[in-house]
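Below are the chains, spelled out letter by letter.
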Amino acid sequence: MELPSTGLQTGSDAGDGAGEAAGLRRRRAPPVSVAAVLPAGGSGERMGGGTPKQFCALLGRPLVSYTVGAMERIAWISDIVVVVSPENIETMKSILKKYGHNRTVVVQGGMTRHRSIFNGLEIFVSSNNLSPLLKKPEVVVIHDAVRPFVEEDILFKVVMAAKEHGAAGAVRPLVSTVIASSADGCLDHSLDRAKYRASEMPQAFLFDIIYQAYHQCSDYDLDFGTECLHLALKYSKTNAKLIEGPPDLWKVTYKRDLYAADSLIKDTVSQQICLITDMKEDAVQVGFLLHEALKNHVQVIERLSSSLSKNDGHLQNILSGQCYNFICINDESSDFQETCQLVEALENTNASVLYSLVIISVHLDILNSASSSCENPNLTKVAKEVKKKNILLYGLIIHFRKDELKLKETIDSAASLIMALIRERNPVFVGQVLSA
């Protein structure tokens, strides 16, 4: 399966309010103005536990932030509105501030899903005490805040279809047959699965059509309805165009979905590694062998540490390319200096506000001394400090002799340890030094 982007973009001003807007995608924009409304008022009853699912953490960051980030990456979406329950307004505002979502505003939701969406639409036609009046768009996208893996391609398709047909929505084939039961709990009949589709998000509408539908909507539909496309059909006589969506439009509903989402995000942020070596012969040799061992699993970007640590623009280009993992190879003479320079440079970018950054400091034990220590007080101290800033620093010692015949086997073992640390991103092991 092709991995979704999960809204993972970054910029130098991530911690200064620009956030993922710094990673705006540039493609041909629809010939209409577009805004988005994200209902996020769920209580999380089906999830279990006391935290609503939209606020559950994935890699330390709330789920709703990933969805907002995915929308903010798209330059042609002018405004994003997140609708939350009254008791979660301040929580949502703090999330927007912390993660730099400055193109998004918060609106107070209603008692039901439809009433919350209606409140989100109202901000474009009338102001309130909580939010300023926004410019009314020609097309509005409605997307669940707990569907973080939305891509620009499907958004573009539903917007263009809504422009032509008035309403459009993503659909997926049914994976199970729908059956109806009789009054006594027995099978009554089943539906032909090939004729039906599962309604998904995103959906898009000409603003006036969906706003008119909500204005005319009955209290029963507002309280018990769930399908926006149905309201457009029932109250605005608009037949929605159905767009076949990608398989990653699934919604986080149950606790198991959180684990799946967490795994997808980890896989995505583990796709690239920046391998840094200094100019020493041994470090260059091991760097080359490690590059060969790692490239079977991930994309490896080879860079010299001297240029990386002294060139902020160079580092920004690497981060903006969605590389959040750094392997810094130090020989005995350079000790921990190169790693410290890298840590300092990454701290200055503020990129870790949005995503955990992994740094693995690799030390070469050229003599393969059996008494070599796997402890590094300097690394442990630095790791403890930068962990607070969402930078995960680990250590790795590679033992070998220059003429060792089994060097490739040693490097393969080191590559396996590196991939495990990067994929798990476990803060428990921060500051520890492993041995290969």
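Rules and cut-offs
Residues numbered from 1 in each chain as written. Predicted model: local features only at pLDDT ≥ 70, side-chain atom pairs only at ≥ 80, totals over all residues. Heavy atoms only, no water. UniProt positions renumbered as here; feature names shortened; annotations may be inferred. Pairing = 2+ DSSP bridges. Helix = DSSP H or I, 4+ residues; strand = E, 2+ residues; numbered from the N terminus. Axes fitted to C-alpha atoms, helices over the stretch in contact; angles between N-to-C directions. Buried < 20%, exposed > 50% of the residue type's maximum accessible area, 1.4 Å probe, protein only. Core = buried A, V, L, I, M, F, W, Y, C linked by side-chain atoms within 4.5 Å. Contact = heavy atoms within 4.5 Å. Phe/Tyr/Trp six-rings, centres within 6.5 Å; stacked < 30°, edge-to-face > 60°.

Within an unreviewed UniProt entry, the label attached to the protein reads D-ribitol-5-phosphate cytidylyltransferase, and the organism entered is Phrynocephalus forsythii. Under the heading Pathway (unreviewed entry), UniProt records this for the protein: "Protein modification; protein glycosylation."

Attention now goes to the sheet that holds strand E6 (residues 139-142). Spatial ordering of the open sheet is given by E5-E4-E1-E6-E10-E7-E11, a layout of seven strands whose pairing is mixed. What marks the edges here is a single partner per strand, and that holds for strand E5 (104-108) and strand E11 (241-244). For this sheet the average axis-to-axis angle between neighbouring strands, irrespective of direction, equals 25 degrees. In this structure, E6 lies alongside strand E10 (residues 197-206), joined through four bridges in antiparallel fashion. What sits directly across from Val 139, in E10, is Leu 206.

A word on unusual backbone geometry. Geometrically, the link from Met 201 to Pro 202 is a cis peptide bond, its omega value of 10 degrees lying close to zero. Locating Pro 202 in the fold gives a position in strand E10. A positive phi angle is found at Lys 237, which is not glycine, with a value near 55 degrees. Mapping Lys 237 onto the fold places it in the loop between helix H7 (228-236) and E11. Its relative accessible area of 68% is what places Lys 237 among the exposed residues. For Asn 390, which is not glycine, the phi torsion reads 70 degrees and is therefore positive.

In terms of nonpolar packing, the biggest core is built from 107 residues, with Leu 290, Phe 326 and Ile 360 touching the most fellow members. The leading source of residues in this core is helix H14 (residues 407-424), at eight residues. Here Ile 360 is in contact with Phe 326, Ile 327, Cys 328, Tyr 394, Leu 396, Ile 418, Leu 421 and Ile 422, once residues within four sequence places are set aside. Membership of the second largest hydrophobic core comes to 30 residues, among which are Phe 118, Val 140, Leu 231 and Ala 232.

A separate point is the packing of aromatic side chains. For any pair of aromatic rings, the description consists of the separation of the ring centres together with the inter-plane angle of the planes. Using the criterion set out here, one finds eight aromatic pairs in the structure. Aromatic side chains Phe 118 and Tyr 214 sit 5.6 Å apart centroid to centroid with 20 degrees between the ring planes, which places their arrangement in the stacked category. Separated by 96 residues along the polypeptide, Phe 118 in helix H3 (residues 113-122) and Tyr 214 in helix H5 (residues 207-216) bring together distant segments of the chain. On the basis of relative accessibility, which here comes to 15%, the residue Phe 118 falls in the buried class.

Turning our attention to the pairing of strand E12 (residues 272-277). Each regular strand shows side chains that alternate between the opposite faces of the sheet. Most of E12 sits out of view: six of its six residues are buried. Because side chains alternate across E12, one face comprises the buried residues Gln 272, Cys 274 and Ile 276, and the other comprises Ile 273, Leu 275 and Thr 277, equally buried. Both E12 and strand E14 (residues 325-330) contribute to a ladder of four bridges, which runs parallel. Each residue of the ladder has a partner; that of Cys 274, found in E14, is Phe 326.

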